Amino acid sequence: MASWIYLVVAILMEVSGTTCMKLSDGFQKPIPSILLFVFYGLSFGALAMTLKKMEVGVAYAVWSGLGTALIAMIGILWFGEAATWLKAVSLLLIIVGVAGLNMGGGLH
């Protein structure tokens, strides 16, 4: 159970870091630029703790897949990016793929 908590923290920190990357305006704004590195550091630390008890393939798929889905939704909702049917279907496929990997195992 602790592995899943670490993984959720890793995902939230990665999404925060990616959001700060967008907000940094190409490293022109200092606060989001600094936070980008802080959040990514915390994300990798939490992901490393996750890997103590979880298979790397599953952990990385969940981390990258859900992170991608969340950041795509933030892009649409917060940054006004286009919401297309192709994006929606693609996000659904990511979630289905992550769920499928989880059903195939995950903790050791």
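Scroll up a little and you will see the structure.
Enquirer: Would you mind going over the overall build of the protein chain with me for this structure?
Expert: Across its full length, the protein chain holds four helices and zero strands. Overall, the C-alpha framework of the protein chain stretches about 45 × 35 × 15 Å when taken along its three principal axes. Taking all 108 residues of the protein chain together, 31% fall into the buried category. Sequence-distant contacts in the protein chain: of pairs separated by 6 or more residues, those separated by 24 or more amount to 68%. Each charge class in the protein chain can be summarised by its mean position, and for the 5 positive and 4 negative side chains these summaries are 5 Å apart.

Enquirer: Explain the side chain of S24 to me, please; I cannot follow it from the model alone.
Expert: Within the element layout of this structure, S24 appears in the loop between α1 (2–23) and α2 (30–50). Once residues lying within four places of it in the same chain are set aside, the contact partners of S24 are K29, P32 and S33.

Enquirer: Help me understand the environment of K52, please; the structure alone is not making it clear to me.
Expert: Among the secondary structure elements, K52 is positioned in the loop between α2 and α3 (56–77). In the structure, K52 is positioned 49 residues away from S3 in sequence and 7.7 Å away in space, judged by C-alpha atoms.

Enquirer: Any chance you could explain α2 here in plain terms?
Expert: Because each turn of an α-helix spans 3.6 residues, side chains separated by three or four positions end up pointing in the same direction. Its 21 residues place the ends of α2 30 Å apart at the C-alpha level, agreeing with the 30 Å of an ideal helix rising 1.5 Å per residue. Of the positions making up α2, those classed as buried are P32, S33, L36, Y40, S43, A46, L47 and T50. Looking down the long axis of α2, one finds its buried residues gathered within 155° of arc, a one-sided arrangement. α2 presents P30, I31, I34 and F37 as exposed residues on the side facing more than 90 degrees away from its buried surface. In this structure, the buried residues of α2 make contact with α1 and α3.

Enquirer: Hey, could you run me through the packing of aromatic side chains in this one?
Expert: The description of two aromatic rings rests on the distance between their centres and on the angle between their planes. Under the defined criterion, the tally for this structure stands at five aromatic pairs. The interplanar angle of 15° and the centroid separation of 6.0 Å between the aromatic rings of F27 and F37 together place this pair among those described as stacked. Of this pair, F27 sits in the loop between α1 and α2 while F37 sits in helix α2, and the two are 10 residues apart along the sequence. Looking at F37, the relative accessible area reads 55%, which means it is exposed. Ring geometry for W78 versus F79: centroids 5.3 Å apart, planes at 10°, classification stacked. Taking relative accessible area as the criterion, W78 reaches 56% and is therefore assigned exposed. Residue F79 is classed as partly exposed on the basis of its relative accessible area, which comes to 26%. Clustering of aromatic rings is evident, with ring pairs tying together Y40, F44, Y60 and W63. The ring of F79 is capped by K22, whose NZ or CZ atom sits 5.7 Å from the centre of that ring.

Enquirer: Can you walk me through the packing of α3 against helix α4 (residues 85–103) in this structure?
Expert: A pair of packed helices can be characterised by two numbers: the angle between their axes and the separation between those axes. α4 packs onto α3 with a crossing angle of 155° between their chain directions and a minimal axis gap of 9 Å. The orientation of α3 relative to α4 falls into the category roughly antiparallel. In terms of crossing hand, the pair formed by α3 and α4 is left-handed. From α3, V58, A61, V62, G65, L66, T68, A69, A72, M73 and I76 reach across to α4, where they touch K87, L91, I94, I95, V98, L101 and N102.

About the thresholds
- Residues numbered from 1 in each chain as written.
- Predicted model: local features only at pLDDT ≥ 70, side-chain atom pairs only at ≥ 80, totals over all residues.
- Heavy atoms only, no water.
- Helix = DSSP H or I, 4+ residues; strand = E, 2+ residues; numbered from the N terminus.
- Buried < 20%, exposed > 50% of the residue type's maximum accessible area, 1.4 Å probe, protein only.
- Contact = heavy atoms within 4.5 Å.
- Lys, Arg positive; Asp, Glu negative; His and termini not counted.
- Charge placed at Lys NZ, Arg CZ, Asp CG, Glu CD.
- Expected span 1.5 Å × (residues − 1).
- Arc of directions from axis to C-beta.
- Phe/Tyr/Trp six-rings, centres within 6.5 Å; stacked < 30°, edge-to-face > 60°.
- Lys NZ or Arg CZ within 6 Å of the ring centre and 35° of its normal.
- Axes fitted to C-alpha atoms, helices over the stretch in contact; angles between N-to-C directions.
- Parallel < 35°, antiparallel > 145°, perpendicular 65-115°, else oblique.
- Left-handed = near helix turned anticlockwise from the far one by under 90°.

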